[in-house]
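Tertiary structure, described
One-letter residues, chain by chain:
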Amino acid sequence: MNSPRKVMVVLLCSIFSLGIVSCQQDSETLVPSDYSQWKMTSSELLNFPIPGHGNGERLIYMNDLGISYLDRVSNLESADLGFPPGTLLVKEIFASPNPSVDDEPRMITAMYKDPDHPFQRGGWVWIIKNGPNAQESYLDEEFCFTCHNSANQAFPYGQQNLAGRFQDFVFYIPLQGGY
């Protein structure tokens with residue numbers, strides 16, 4: 001196991017074992033197997049460090065419902081956002097900063113917009129899979145929500161949201177024509 005992966009595994013295990021974050025498994029599957037056919041939120045691999053996700057490469061996909069919502073927003077760079085229920089973002093997180101095309105993601109995380117779900121935080125259900133074929137778990141604590149709340153203000157990652165607009169807990173908003 002290489003060093004960055006080992007650190008991430010130890011960090012996640014520590015967080016879970018301390019009871020800071022807990023997971024609930026459900027028989028319902030929210031992340032479909034064909035998500036990699038969706039539009040990516042960026043035409044580039046994201047490789048800057050993000051708390052909770054490490055510094056490996058990340059690819060983020062958004063379902064058609066979320067993309068079509070963004071296509072209808074008149075001024076995407078300055079508008080406050082409110083994704084419709086059913087919007088799904090899926091993030092593949094790779095162990096290394098330079099994965100090969102054959103590498104499997106070490107972890108998949110997802111955000112599913114469902115304000116009525118019992119585990120929702122901020123209207124989103126936070127999902128984790130420890131690999132592409134792993135069972136989904138819902139995070140039922142504040143861990144993801146607290147961090148993603150920072151997306152609704154200026155932040156130091158990627159697009160930075162310098163205007164501090166409400167981005168509905170999504171850090172990387174695909175701009176029209178940018179996906």
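Residues numbered from 1 in each chain as written. Predicted model: local features only at pLDDT ≥ 70, side-chain atom pairs only at ≥ 80, totals over all residues. Heavy atoms only, no water.

Let us now look at the state of the cysteines. Here, disulfide denotes a covalent bond that connects the sulfur atoms of two cysteines. With the rule as written, the count across this model stands at zero disulfides. Unpaired in terms of disulfides, Cys-144 finds its nearest cysteine sulfur in Cys-147, a separation of 7.9 Å. (Disulfide = S-S within 2.5 Å.)

Attention now moves to the packing of aromatic side chains. Tallied over the entire structure, the rule returns seven aromatic pairs. Pairing Phe-83 with Trp-124 gives two aromatic rings, centres 6.0 Å apart and planes at 65°, and the pair type is edge-to-face. In this pair, Phe-83 is assigned in the loop between helix H2 (64–72) and strand S4 (88–93) and Trp-124 in strand S6 (residues 124–129), connecting sequence segments 41 residues apart. For the pair Phe-83 and Trp-124, a shared accessibility class is recorded, and that class is buried. On the numbers, 5.2 Å between centres and 40° between planes, the contact of Phe-145 with Phe-169 is tilted. With Phe-145 in helix H3 (residues 143–148) and Phe-169 in the segment after H3, the pair connects residues that are 24 residues apart, well separated along the chain. Through successive ring pairs, a cluster of aromatic residues spans Tyr-69, Phe-83 and Trp-124. (Phe/Tyr/Trp six-rings, centres within 6.5 Å; stacked < 30°, edge-to-face > 60°. Helix = DSSP H or I, 4+ residues; strand = E, 2+ residues; numbered from the N terminus. Buried < 20%, exposed > 50% of the residue type's maximum accessible area, 1.4 Å probe, protein only.)

This part takes up the nonpolar core. Residues Leu-70, Leu-81, Phe-83, Trp-124 and Trp-126 are the most contacted members of the largest nonpolar core, which totals 24 residues. Every element with two or more residues in this core is listed here: strand S3 (58–62), H2, S4, strand S5 (107–113), S6 and H3. The next biggest cluster of nonpolar side chains, apart from the first, holds 15 residues, and it includes Val-31, Tyr-35, Tyr-61 and Leu-88. (Core = buried A, V, L, I, M, F, W, Y, C linked by side-chain atoms within 4.5 Å.)

Attention now moves to the pattern of salt bridges. The tally for this structure, following the rule as stated, stands at two salt bridges. One salt bridge connects Asp-168 with Lys-113, and the closest N-O pair in it is separated by 2.6 Å. Of this pair, Asp-168 sits in the segment after H3 while Lys-113 sits in strand S5, placing them 55 residues apart in sequence. For Lys-113, a relative accessible area of 9% translates into the label buried. Between Arg-121 and Glu-142 there is a salt bridge, with the nearest N and O atoms lying 2.7 Å from each other. One end of the pair, Arg-121, is in the loop between S5 and S6; the other, Glu-142, is in the loop between strand S7 (137–139) and H3, with 21 residues separating them in the sequence. (Salt bridge = Lys/Arg side-chain N within 4 Å of Asp/Glu carboxyl O.)

Moving on to the pairing of S6. For S6, the tally of buried residues reaches six of six residues, placing the bulk of the element in the interior. The alternating pattern of S6 places Trp-124, Trp-126 and Ile-128 on one face and Val-125, Ile-127 and Lys-129 on the opposite face, and all of these are buried. Taken together, the six bridges between S5 and S6 define a ladder with antiparallel strand orientation. Across the sheet, the residue bridging to Thr-109 is Ile-128, located in S6. (Pairing = 2+ DSSP bridges.)

Moving on, we come to the side chain of Thr-41. Within the secondary structure, Thr-41 sits in the loop between strand S2 (39–40) and S3. You can call Thr-41 buried: its relative accessible area is 2%. Not counting residues within four places of it along the chain, the set of residues in contact with Thr-41 comprises Ile-60, Tyr-61, Met-62, Leu-89, Tyr-172 and Pro-174. (Contact = heavy atoms within 4.5 Å.)

The share of residues in the protein with pLDDT of 70 or more is 79%, and the mean pLDDT across the chain is 79. Predicted confidence is poor over residues 1–21, with pLDDT under 50, and the contacts of this stretch with residues over four places away or in other chains come to 21 contacts. (pLDDT = per-residue confidence, 0-100.)

Right, let's talk about unusual backbone geometry for a bit. Within the chain, Asn-161 stands out as a residue other than glycine whose phi angle is a positive 45°. Looking at where Asn-161 falls in the secondary structure, it is placed in the segment after H3. With relative accessibility at 6%, the residue Asn-161 sits in the buried group. Despite not being glycine, Asp-168 shows a phi value in the positive range, around 55°.

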